[in-house]
Amino acid sequence: MIFEVLSVFPQVFEPYLSESILGRAWQRSLFEFVAHDLRTWTHDRHSTVDDAPFGGGQGMLMKCEPIFEAVRDISGQGKKRPHVIFFSPCGRRYSEKDAERLSSFDRILFVCGRYEGIDERAYALADEIVSVGDYVLTGGELAALVVIDSVVRLLPGVLGDDRSAKDESFSQGLLEYAQYTRPATFQGERVPEVLLSGDHGAVSAWRRRSSIERTARWRPDLLEGAELSEDEWSLVHETLGQRDCEATDV
Ligand code: ADE
């Protein structure tokens, strides 16, 4: 899989992508990455990529000509046209489901906006417009890294154990279960005994229960339409009841 970015700050990606799990995956060619400098597609002395908005207003907008030229040229390179993603807080909210969907593309080009936004006409080039959350970043570069990170970790061979991505929060529509490591007792708090028991069946059952409890406590919105047994729904209602009592206690 190849990720390409189009940005006026093409140098910001490499340091993050070179570290840790992503760095090892990149070194092992489990994905490819190319950063394109948008200024390559400008034709004036100052390599201008922005201009003032028609109708007045604060700040500068990214011009559409360099973006159109760049996306056309980049798309024409290579065997396959890329899936083109633009970033904007106005886009559709990104989730783990999107990461799973995007992990099956061979080639993705991320167009990273800066300044106050992009000339609206440039969005005609987008196969999709993505927001990473309801807040405003200074540019799309961090959003691109968020998406690349979340997709790369789903690619075969990237995480040591292929099960680890499947166990994660959101992958089953639930948050991940609570986890503990040594010491078994810390500041008087003991980890749940079942996790020390060596009984794999009991550990699995405890983890399922923990996932449901944590989801009910922290992200009950995720439970809408969840496929749970009758006992599991009872656990959800019990946890929600406790949560509401705690909320009124404070
Ligand atoms: N650019 C600025 N803010 C953004 C956001 N929340 N998501 C994606 N791109 C952005």
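In this text, all values refer to a predicted model and were calculated from it rather than measured experimentally.

Peer 1: Describe in detail the site of the ligand, supporting the description with residues and values.
Peer 2: Lining the immediate surroundings of the ligand are Phe 87, Ser 88, Pro 89, Val 130, Ser 131, Val 132, Gly 133, Tyr 135, Val 136, Leu 137, Gly 139 and Ala 143. Contact between the ligand and Tyr 135: a nitrogen atom at 2.8 Å from a main-chain N or O atom of the residue. Look at the ligand: alone it shows 260 Å² of surface, and the protein chains cover 95% of it. Top contributing element to the shell around the ligand by residue count: strand E5 (residues 83-93), with 3 residues. The residue inventory of the shell around the ligand, partitioned by class, reads 8 nonpolar, 4 polar and no charged.

Peer 1: Break down the state of the cysteines for me, with residues and values.
Peer 2: Under the defined criterion, the tally for this structure stands at 0 disulfides. Between Cys 112, a free cysteine, and Cys 90, which holds the nearest cysteine sulfur, the sulfur-to-sulfur gap is 16 Å.

Peer 1: Residue-level account of the environment of Trp 26, with values.
Peer 2: In this fold, Trp 26 is placed in helix H2 (residues 20-27). For the pair Trp 26 and Val 152, spaced 126 residues apart in sequence, the C-alpha to C-alpha distance is 9.3 Å. If we skip the residues at most four places from it in the chain, Trp 26 touches Glu 14, Leu 17, Ser 18, Phe 31 and Phe 33.

Peer 1: Go over the packing of aromatic side chains, please, and point to the residues and values.
Peer 2: Scanning the model with the defined rule gives 7 aromatic pairs in all. Between Trp 26 and Phe 31, the aromatic rings sit 6.0 Å apart at their centres with planes inclined by 20°, giving stacked as the arrangement. Exposure remark for Phe 31: the relative accessible area of 1% places this residue in the buried category. A centroid spacing of 5.6 Å and a plane angle of 55° characterise the contact between Phe 86 and Tyr 123, whose relative ring orientation is tilted. Here the residue Phe 86 occupies a position in strand E5, and Tyr 123 occupies one in the loop between strand E6 (107-111) and strand E7 (128-131), the gap between them amounting to 37 residues. Overall, the relative accessible area of 17% leaves Tyr 123 in the buried class. Taken together through their ring pairs, the aromatic side chains of Phe 3, Phe 13, Trp 26, Phe 31, Phe 33, Phe 87 and Phe 110 make up a single cluster.

Peer 1: Explain unusual backbone geometry residue by residue, including any values.
Peer 2: A cis geometry characterises the amide bond from Arg 182 onward to Pro 183, with omega recorded as 0°. Structurally, Pro 183 can be placed in the loop between helix H6 (162-167) and strand E8 (185-186). Phi at Ser 20 is positive, roughly 55°, even though this residue is not glycine. The residue Ser 20 is located in helix H2 in this model. At Gln 187, a residue that is not glycine, the phi angle is positive and equals roughly 50°. With respect to the secondary-structure elements, Gln 187 resides in the loop between E8 and strand E9 (189-190). Of the residues examined, Gln 187 reaches a relative accessible area of 71% and is grouped as exposed.

Conventions adopted
- Residues numbered from 1 in each chain as written.
- Predicted model: local features only at pLDDT ≥ 70, side-chain atom pairs only at ≥ 80, totals over all residues.
- Heavy atoms only, no water.
- Near = heavy atom within 4 Å.
- Polar contact = N/O pair within 3.5 Å; in protein donor to acceptor, adjacent residues only side chain to side chain.
- Areas by Shrake-Rupley, 256 points an atom, 1.4 Å probe, with all protein chains shown as cover.
- Helix = DSSP H or I, 4+ residues; strand = E, 2+ residues; numbered from the N terminus.
- Nonpolar A, V, L, I, M, F, W, Y, C, P; charged D, E, K, R; others polar.
- Disulfide = S-S within 2.5 Å.
- Contact = heavy atoms within 4.5 Å.
- Phe/Tyr/Trp six-rings, centres within 6.5 Å; stacked < 30°, edge-to-face > 60°.
- Buried < 20%, exposed > 50% of the residue type's maximum accessible area, 1.4 Å probe, protein only.

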